[in-house]
Each structure stands twice: as structure tokens, then as C-alpha cells.
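# Commentary on secondary and tertiary structure
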Amino acid sequence: MASGSGAAGEAVSGAQLIAESLKAQNIEYMFGIVGIPVTEIAIAAQAVGIKYVGMRNEQAACYAASAVGYLTSRPLIVIGGSSDRNQETMGAFQEFPQVEAGRLYNKLSVRPSSLEAIPTVIEKAVRTSMYGRPGSCYIDIPGDFVNLQVNKSSVKYVECCLQPPISTAEHSAVSEAVSIIALSKQPLLIVGKGAAYSHAENNIRRLVDLCGLPFLPTPMAKGVVPDNHPNCVAAARSTALQHADVIILLGARLNWILHFGLPPRFRQDVKVIQIDICAEELGNNVRPAAILLGDINAVTKQLLEEFSRRPLKYPSNTEWWKKLREKMMKNEERSKALALQKSLPMNYYTVFHHIRELIPKDCILVSEGANTMDIGRTMLPNYYPRQRLDAGTFGTMGVGLGFAIAAAMVAKDRTPGKRVICIEGDSAFGFSGMEVETVCRYNLPILIIVVNNNGIYTGLDADAWKETLKFGDPATCIPPVSLLPNSHYEEIMSAFGGKGYCVKTPEELQNALKASMTDKQTPSLINVMIDPQSERKKQEFPWLTRSNL
């Protein structure tokens, strides 16, 4: 820690200190909504070279910042303005116990005690967010700190924090895990978001190829090993989970996404080998047969080294592989049959079939919505890591446009020309649809595709809507899952200077996709009208479904 790098008598404001401290920690992007008392912070951030993106909704801003954290390994830092210190307990403007509330949701929640301490606090927040399991940190800034000034010589300036240390598993645990895998009859490797975050794709690909293991990616891990790899069993997900006798969890949690690891989705006697960077995660819901605590990339390398001493190649002609391939073929045939249906309005599978045929393989896919997101996971393959962003463990809607804006900003700087395609249900689009203006304001060439079924899960067509209204007040007779039929969301994009398309047939969809792909400079939105009653194909296990609707 160095102190007093400024000249004697030179003053610096709180806003400047915040911006300079963030820049010193290699923060590149800031998303937010300015207002009293934080406007000056955004201006100061731009002055030091941080890219500020002004959003239309704080929720979307936070989603955008979290997506940048995932894409750049710089997790979310939330900076909030609070009331002036001398007004505390008086009922000040926006007075709220923000630091205390933030402790429920963040790895660190803190308020600097003085302007001089700001660089130290920001370094600690950034370091805490990256070390161990990545997570958000909250920094509270009293309103009077923003424009208050101090002498630079009194400030404790701090260098950029060191990169997170890389931890490895105990050798005995690695050896035990390899022994369990060697004895398995029906193994399954589950690749989680943690594997994508740790950039473990090369070692995991080597592990899959070396050992011949079937693997299943979780939503945000799609592409760590390409979805078209012959060992990917995503198309037989339920069968793979239900019948595997040994499961290797690579940075995936046994939470609701994986049905908690419990029967009937899993065998009662399944042996779980759990690999995670967070010790507190080990043993949640299911007692593991082996635990490997450490960085996913480093531990995978340890497994590879152990397998080089004790070679294992799981045969490709086992009954287990036969069962998985039969189920995959059956499910793919069902999806293909739905995709090739000629009837109008189109169904989800037809829409995704044409999207898959025309979008670039290396695009960043953002998706949200109930059926839209779930079906998209199966119909739209990912070939590269960290290029799918969806609701994931959040399970919340509204993430889509924030994620897409973040991805477009990062892509513009790091991989110019890479397309960002955001595919949303009409209900999900409504959560943050005004961010279309943000997309156009920053001229981000995002393609937004709204799969419009007039509702949440299902909707009503125009005729059924009119008939229903005959029964009285819409608030008492319109089904809660229904939205206004045939809404022209494409006109929102057109209103802000982008290009909007409304399509109802496969031919119109193809033409709109081709036009959007050709124009690499202009934001566009394709509003795809589909059958309001179109749904996901019947599932062996209704996924967390408790409703009879």
C-alpha cells in the first residue's frame, strides 16, 4: 500500500477517487442510472477511461454488469448512493440501511469511513469478489462524499489486487475419484457454470476425449465442450441423470437446476464426485463419494495426470451408451418432426429450426423466457465456451437485454464483428423492453428475436381474446397468463431508429434473419408470431411443474 502520491495541496473529490480506484483495479465497464447523488461518479468514470453505459432500469443495469463479470472474470461490484451522513435517522432522502441489507446478498457490504479510505475499500471489494467462489460486493457511498474534497497527499492509494490464487485438490482425493470412475458402469460427467468461469474448456475437452465419458452441460456451461461433440448427451438429459451410477460434478451445484441430486430424478445409490471451488458447497443435498476442493481447471488437470498413470477409456459399445443413444435419437426425431411442421401459426420448434440454420456458429446467444429459453437450450447448439447467457440459476426473467448489452460491449472491444443474438419470449421481453432504447443509443448491433405467443407459457389468439372479453371486465375474465394478442414489439425498435420486422411464416422469418445478419451495424428486432398454444414437447418429468394450468 502506497500513500500520498499526489502533490501537496492538490485536491480530489470523492467521485474522482471512486473512478480512479475502479480504474486502478482494471474495471473497464460501468452500467447504471444516474441521479442524485451519483451522477458525478459516472462523469468521473468516463473521464478516467471507464466505459459508462446508461441503462433505463436499475435491474437491467445490474444484470449487464454481472454478465460482464462472467465474460471477463471481473465479478459484479455494486456502488450505491445513500443519504448524507449528517442526515442519518432524520428521514433523509432515500435513507435506508443499505449496508446491512447488502450483507444478505453480497460477499462484502461496506461503507468507506472516509474519502481517504475509498481506494482501500474498493481494492478489497474487487479482491473479495474474485477470490474463492466469485460473487458480488456492495459499496455504499454517502451523498456528501461525492463532491467532498480532500488533499491527495492524505489518500491511501492502492495498486491493483493480485490475481486469485489457484487451489488444487488433495492427491488422495484425486486418486479416490479416479478409482470410483474406473469402477463405474454408467458414468456421467456434468459440466457446470464454474467450469466455464474457470476457463477449463481445454482440459475438460481432453478429459472427455481421453476417458470417453458421456457428458451433460448445464445451461451456462454449454459450449465448454461443443454441443455437437459425440459424447454430449444433452438430448437424453432425463435418462442420463436418472440412471447414472457415478456422476462427476465439475463446477455444478446440486440445486434446483439439477433437481437437488435426489430421486426420482437420480438413482438412490448414485455416487457423486463433487469438484468445486467452494468448500461450503461440498455435500449439499447428497453425501459425495469423493470431494475435490479446488479450481475447476486445476483439478481437471490433476485428474488428467492421474489418468495418464492409470489409463481409462470407457467403452463406446456398452449398454449404457446404447440406452443413451437410443433416447437421444428418439428425442431428436420428435423435435425434428415438430420443427418441420408446415402448419401456421408456427410452433417453437419450427422457429428455432430456422434460427439455427441462419445464425453464425460463433455468435453469443442470450435467451430468456419459459418455453423460449427451455426449448432454445435444446434446439440452439453452442460450440464455444461462455457464449450462452440465460437466466440459469437465477430463474428470473428480465435478464435478456441487460445480458445482451453487456455481451455486445465486451464483444466490440475484444472480438469485433462477433454477433450478439438475444432470443426472448414476449413476456420476458416485457420486463426490460425499454432497454431497446439503450441498444440504439449506443448503436449496438444486437439482433433481438421475440418469440411471441401472446402470453406467459400460453396465450389467446385474437378471436379467443374477443370472445373472452364478452364475459366482462378483463381484470376478472382474461386468464392471468394471457397478454395482448399480436402486439407489435418490432415497432419499439423502429421507434428508436433500429430495424423492426414482424413475421408470421417460415419464409418471412428467413428473410428477416438474412437481412439482419447482412446488416452488421444496425440494431434489429424480429417479432415472430407463433401459435399461442404452442408448448414444449411432453416431458418425461414435468420440470418443476406444480401447476395444473
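Everything below is about the structure printed above this text.
Residues numbered from 1 in each chain as written. Predicted model: local features only at pLDDT ≥ 70, side-chain atom pairs only at ≥ 80, totals over all residues. Heavy atoms only, no water.

### Things to note about the overall build of the protein chain
Note the cut-off: Under the DSSP-based scheme used, a helix requires at least four consecutive residues in state H or I and a strand at least two consecutive residues in state E, with every element numbered from the N terminus. Within these notes, the globule rule equals 2.2 Å times the number of residues to the 0.38 power, and the radius of gyration is based on C-alpha atoms. Burial here depends on accessible area, computed with a 1.4 Å probe over protein chains only, as a share of the maximum for the residue type. Under 20% is buried, over 50% is exposed, and the range in between is partly exposed. Throughout, a contact is declared for two residues whenever any of their heavy atoms are within 4.5 Å. For the area figures, the Shrake-Rupley method with a 1.4 Å probe applies, and any residue is considered shielded solely by the protein chains shown. All tallies of charge rest on Lys and Arg as positive and Asp and Glu as negative; His and the ends of each chain are not included. In plain terms, the charge of a residue is placed at NZ if it is Lys, CZ if Arg, CG if Asp and CD if Glu.
Helix and strand counts for the protein chain come out as 21 helices and 20 strands. For 549 residues, the compact-globule formula gives about 24 Å, and the C-alpha radius of gyration of the protein chain, at 25 Å, lands near that figure. Dimensions along the principal axes, computed over C-alpha positions, put the protein chain at roughly 75 × 70 × 45 Å. In the protein chain, which comprises 549 residues, the share counted as buried stands at 55%. Partitioning the intrachain contacts of the protein chain with sequence separation of at least 6 by distance along the chain shows that 76% fall at a separation of at least 24. With the model as given, the accessible surface of the protein chain reaches about 24600 Å², and the carbon-plus-sulfur share is 54%. Taking the average place of the 56 positive charges on the side chains of the protein chain and the average place of its 53 negative ones, the gap between the two points comes to 7 Å.

### Focus: the sheet that holds strand S6 (residues 137-142)
Worth spelling out the cut-off: Two strands form a pair only when DSSP identifies at least two bridges running between them. Only C-alpha atoms enter the line fits that serve as axes; for helices the fit covers just the stretch in contact. Angles between N-to-C directions range over 0 to 180 degrees.
Taken in spatial order, the three strands line up as S4-S6-S5 in an open sheet, and their pairing is parallel. Single-partner strands in this sheet number two, and they are strand S4 (77-82) and strand S5 (108-110). Within this sheet the neighbouring strands show an average axis-to-axis angle of 15 degrees, counted without direction. Pairing analysis gives six bridges linking S4 to S6, with the strands arranged parallel. Paired with Gly81 across the strands is Ile141, a residue of S6. Taken strand by strand, helix H5 (residues 118-130) contacts S4, S5 and S6, and its axis lies near 160 degrees from that of S6.

### Considerations on the packing of helix H9 (residues 201-211) against helix H11 (residues 296-309)
This is how the line gets drawn: For classification purposes, an angle smaller than 35 degrees is called roughly parallel, one larger than 145 roughly antiparallel, one from 65 to 115 roughly perpendicular, and anything else oblique. Should the near helix be turned anticlockwise from the far one by less than a right angle, the crossing is termed left-handed; should it be turned clockwise, right-handed. When residues are sorted by character, Ala, Val, Leu, Ile, Met, Phe, Trp, Tyr, Cys and Pro go into the nonpolar class, Asp, Glu, Lys and Arg into the charged class, and all the rest, Gly among them, into the polar class.
It is at 9 Å that the axes of H9 and H11 come closest, and there the two elements cross at 30 degrees. When the axis of H9 is compared with that of H11, the two are roughly parallel. At the point where H9 passes H11, the crossing takes the left-handed sense. For the pair H9 and H11, the contacting residues are Asn203, Ile204, Arg206, Leu207, Leu210 and Cys211 in the first and Asn297, Thr300, Lys301, Leu303, Leu304 and Phe307 in the second. Partitioned by chemical class, the residues of the contact of H9 with H11 number seven nonpolar, three polar and two charged.

### Some points on unusual backbone geometry
The omega torsion across Pro263 and Pro264 is 5 degrees, close enough to zero to call that bond cis. Positionally, Pro264 belongs in the loop between strand S10 (246-250) and strand S11 (271-276). With a phi close to 60 degrees, Gln94 is a non-glycine residue in the positive phi region. Along the chain, the position of Gln94 falls in the loop between S4 and helix H4 (98-102).

### Observations concerning the packing of aromatic side chains
Cut-off, in case you're wondering: Side-chain rings of Phe, Tyr and Trp, where Trp is taken by its six-membered ring, are said to pair if the distance between their centres is within 6.5 Å; with planes under 30 degrees apart they count as stacked, over 60 as edge-to-face, and otherwise as tilted. Lysine NZ or arginine CZ positioned within 6 Å of the ring centre and within 35 degrees of the ring normal marks a charge as sitting over the ring.
Inspection of the entire model under this criterion finds three aromatic pairs. Here the aromatic rings of Tyr63 and Phe403 are separated by 6.1 Å at their centres, their planes lie at 80 degrees, and the arrangement is edge-to-face. Taken together, the residues Tyr63 in helix H3 (residues 58-72) and Phe403 in helix H15 (residues 400-414) connect sequence positions 340 residues apart. Across the pair, Phe403 and Tyr63 agree in class, each one buried. An aromatic cluster of three or more residues is present, and its members are Tyr63, Phe394 and Phe403. Over the ring of Tyr383 we find Lys361; its NZ or CZ atom is 4.9 Å from the centre of that ring.

### Points about the side chain of Ser367
Basically, it comes down to this: Counted as a polar contact is a pair of N or O atoms within 3.5 Å, where, for protein atoms, one must be capable of donating a hydrogen and the other of accepting one, and residues adjacent in sequence contribute only when both atoms are in side chains.
Position of Ser367 among the secondary structure elements: in strand S13 (residues 364-368). Side-chain polar atoms of Ser367 contact the backbone oxygen of Ile423, separated by 3.3 Å. Once you skip the residues sitting within four places of it in the chain, Ser367 turns out to touch Thr372, Met373, Arg388, Leu389, Asp390, Ala391 and Ile423.

### Considering the pattern of salt bridges
Just so we agree on the cut-off: We define a salt bridge as a side-chain nitrogen of Lys or Arg found within 4 Å of a carboxyl oxygen belonging to Asp or Glu.
Per the counting criterion, the structure on display carries 23 salt bridges. The salt bridge partner of Asp413 is Lys51, with a shortest N-O separation of 2.6 Å. On the criterion of sequence distance, the pair formed by Asp413 in helix H15 and Lys51 in strand S3 (residues 51-54) is long-range, its members being 362 residues apart. Taking relative accessible area as the criterion, Lys51 reaches 34% and is therefore assigned partly exposed. Residue Lys470 pairs with Glu467 through a salt bridge whose shortest N-O separation is 2.8 Å. Counted as one network, the salt bridges with shared partners bring together Asp374, Arg377, Arg388 and Asp390.

### Side note on the pairing of strand S2 (residues 29-32)
Rules: When the strands point away from the viewer, a crossover counts as right-handed if the path from the first strand over the helix to the second runs clockwise.
A two-sided burial pattern is seen for S2, the buried positions comprising Tyr29 and Phe31 on one face and Met30 and Gly32 on the other. The pairing of S2 with S3 spans four bridges and is classified as parallel. Residue Phe31 lies in a different strand from S3, and its bridge partner there is Val53. Considered for its hand, the β-α-β crossover made up of S2, helix H2 (residues 39-47) and S3 is right-handed.

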